[in-house]
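# A structural walkthrough
Each chain, letter by letter, is given below.
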Amino acid sequence: MKKQFAVIGLGRFGVSVSTELHKLGHEVLAIDSNEAKVNEIVNDSTYSSVADGTDEKSLRSLGITNFDHVIVAIGDNLQASILCTLLLKEMGIASVWVKAQNYYHHKVLDKIGADKIIHPEHDMGNRIAQHLVSEKVIDYIELSDDFSIVEIAAPRFMNKRSLIDLDIRAKFGVTILGIKRGKNINISPMADEQILENDILIVIGHKNDLKRFEEST
Ligand code: ADP
């Protein structure tokens, strides 16, 4: 279903988010106070406008209150990012996601009601580190300090064996959420599903258990 998003701040992060949402077929209003930035996004957004994200009148005249999702991607200017978030929440926007610069910025955003606070550099750094230390880990999502989801090449010992036979949950304490085979993905595989060579497993669990599983061969 087509959704409506507004992105305020068109630095590298804001542009990536807008472009991808637009590519996925959603309606995107892209806003920046810098005209040059707005001109660059014209073809990768549905509407684009030069406006100050801290000016309530301008935001209202752009119809921002009709949007359910707004992404605040104002970079270094913490004051503008905070004020913009506050205005959006005061105007009743249901879902406001904000890119944070640091811990203090995060704390303030949390207090004023940001619905999701994103640290792209930190999250990407974590993912890259996981790839570096384990050649088997293909992708990694941190759910909390203790729990993660990883994509991992199926260990050799699993080849041609079924999930019920392998009893991974009992042995390692992790759960296989899905199996990627070539271009196909099998979500919540059945117990009799066999693992094949070159399968990629999507696994959820405690970090310690996942590590034990990754290290098994
Ligand atoms: P990134 O780290 O994602 O590249 P930047 O800090 O480079 O982020 O970019 C932030 C963008 O936010 C810039 O294009 C800047 O013009 C825009 N911006 C800054 N303040 C405001 C504001 N008050 N209203 C709208 N856009 C703003």
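Residues numbered from 1 in each chain as written. Predicted model: local features only at pLDDT ≥ 70, side-chain atom pairs only at ≥ 80, totals over all residues. Heavy atoms only, no water.

### Observations regarding the overall build of the chain
Within the chain, the secondary structure is distributed over nine helices and 13 strands. Relative to the compact-globule value of 17 Å for 217 residues, the chain shows a C-alpha radius of gyration of 21 Å, a clear excess of over 25%. Projected onto the principal axes, the alpha-carbon positions of the chain cover approximately 65 × 35 × 30 Å. Within the chain, contacts between residues at least 6 apart in sequence are counted, and of these 52% link residues at least 24 apart. Of the roughly 12600 Å² of accessible surface on the chain, 51% is carried by carbon and sulfur atoms. Separation between the mean location of the 25 positive side-chain charges and that of the 31 negative ones in the chain comes to 4 Å. (Helix = DSSP H or I, 4+ residues; strand = E, 2+ residues; numbered from the N terminus. Rg over C-alpha atoms; globule rule 2.2 N^0.38 Å. Contact = heavy atoms within 4.5 Å. Areas by Shrake-Rupley, 256 points an atom, 1.4 Å probe, with all protein chains shown as cover. Lys, Arg positive; Asp, Glu negative; His and termini not counted. Charge placed at Lys NZ, Arg CZ, Asp CG, Glu CD.)

### Some remarks on the sheet that holds strand S1 (residues 4-8)
In space, the six strands of this open sheet follow the order S3-S2-S1-S4-S5-S6, with parallel pairing throughout. A single partner strand is all that each edge strand has here, and the edge strands are strand S3 (47-50) and strand S6 (116-118). Strand-to-strand twist of the sheet, defined as the mean angle between neighbouring strand axes without regard to direction, takes the value 15°. Where strand S4 (residues 69-72) and strand S5 (residues 95-99) come together, four bridges link them in parallel fashion. Residue pairing across strands places Val 72 opposite Val 98, the latter belonging to S5. (Pairing = 2+ DSSP bridges. Axes fitted to C-alpha atoms, helices over the stretch in contact; angles between N-to-C directions.)

### Digging into the packing of aromatic side chains
Aromatic rings considered in pairs are described by the distance between their centres and by the relative angle of their planes. For the structure on display, the rule yields three aromatic pairs. Plain terms: the ring middles of Phe 172 and Phe 213 are 5.2 Å apart, the flat faces sit at 70° to each other, and that makes the pair edge-to-face. In this pair, Phe 172 sits in helix H8 (residues 168-172) while Phe 213 sits in helix H9 (residues 207-215), placing the two residues 41 residues apart along the sequence. No difference in accessibility class separates Phe 172 from Phe 213, as the two residues are buried. An aromatic cluster of at least three residues, connected via ring pairs, comprises Phe 157, Phe 172 and Phe 213. Taking the ring centre of Trp 97 as reference, the NZ or CZ of Lys 116 above it sits at 5.6 Å. (Phe/Tyr/Trp six-rings, centres within 6.5 Å; stacked < 30°, edge-to-face > 60°. Buried < 20%, exposed > 50% of the residue type's maximum accessible area, 1.4 Å probe, protein only. Lys NZ or Arg CZ within 6 Å of the ring centre and 35° of its normal.)

### A closer look at the side chain of Ser 45
Position of Ser 45 among the secondary structure elements: in the loop between helix H2 (35-41) and S3. Among the polar contacts listed, one links the side chain of Ser 45 to the backbone oxygen of Ile 41, at a separation of 3.0 Å. With residues up to four places along the chain from it excluded, the contact list for Ser 45 reads His 22, Val 28 and Ala 30. (Polar contact = N/O pair within 3.5 Å; in protein donor to acceptor, adjacent residues only side chain to side chain.)

### Considerations on the layout of surface pockets
Estimates place the volume of the largest pocket at around 700 Å³. Taken together, 24 residues line the largest pocket, and the ones lying closest to its centre are Lys 116, Ile 117, Ile 118, His 119 and Asp 123. Looking at the lining of the largest pocket, the elements with two or more residues in it are helix H1 (12-23), S4, S5, S6, helix H6 (120-133) and strand S7 (137-142). Examining the composition of the lining of the largest pocket, we find that six residues originate from one element, H6, more than from any other. Taken together, the residues of the lining of the largest pocket sort by class into 14 nonpolar, six polar and four charged. Shared between two domains, the lining of the largest pocket holds at least three residues of each, these being domain 1 (4-118) and domain 2 (123-215). Here the second largest pocket defines a volume of roughly 250 Å³. (1 Å grid on protein atoms, 1.4 Å probe; cavity = no way out; pocket = protein on both sides within 12 Å on 5 of 7 lines; lining within 4 Å. Points joined across faces, edges and corners; volume = space filled by probe spheres on them. Nonpolar A, V, L, I, M, F, W, Y, C, P; charged D, E, K, R; others polar. Domains from an automatic or database assignment.)

### What about the domain arrangement of the chain?
One widely used convention gives an interface's size as the accessible area the parts lose upon coming together. When its domains are assigned, the chain resolves into domain 1 (4-118) and domain 2 (123-215). The C-alpha-based centres of domain 1 and domain 2 are spaced at 35 Å.

### A word on the nonpolar core
Counting 23 residues, the largest nonpolar core has Ile 8, Ile 31, Leu 59, Ile 64, Val 70, Val 72 and Leu 88 as the members making the most contacts within it. Those elements that place two or more of their residues in this core are S1, strand S2 (27-32), S4, helix H4 (78-90) and S5. Per element, the largest residue contribution to this core is four residues, and it comes from H4. Ile 31 has contacts with Val 7, Ile 8, Gly 9, Leu 10, Ser 49, Ala 51, Leu 59, Leu 62 and Ile 64, leaving out every residue within four places of it along the chain. Core analysis: the second largest hydrophobic core is formed by 18 residues, Ala 154, Phe 172, Val 174 and Leu 210 among them. (Core = buried A, V, L, I, M, F, W, Y, C linked by side-chain atoms within 4.5 Å.)

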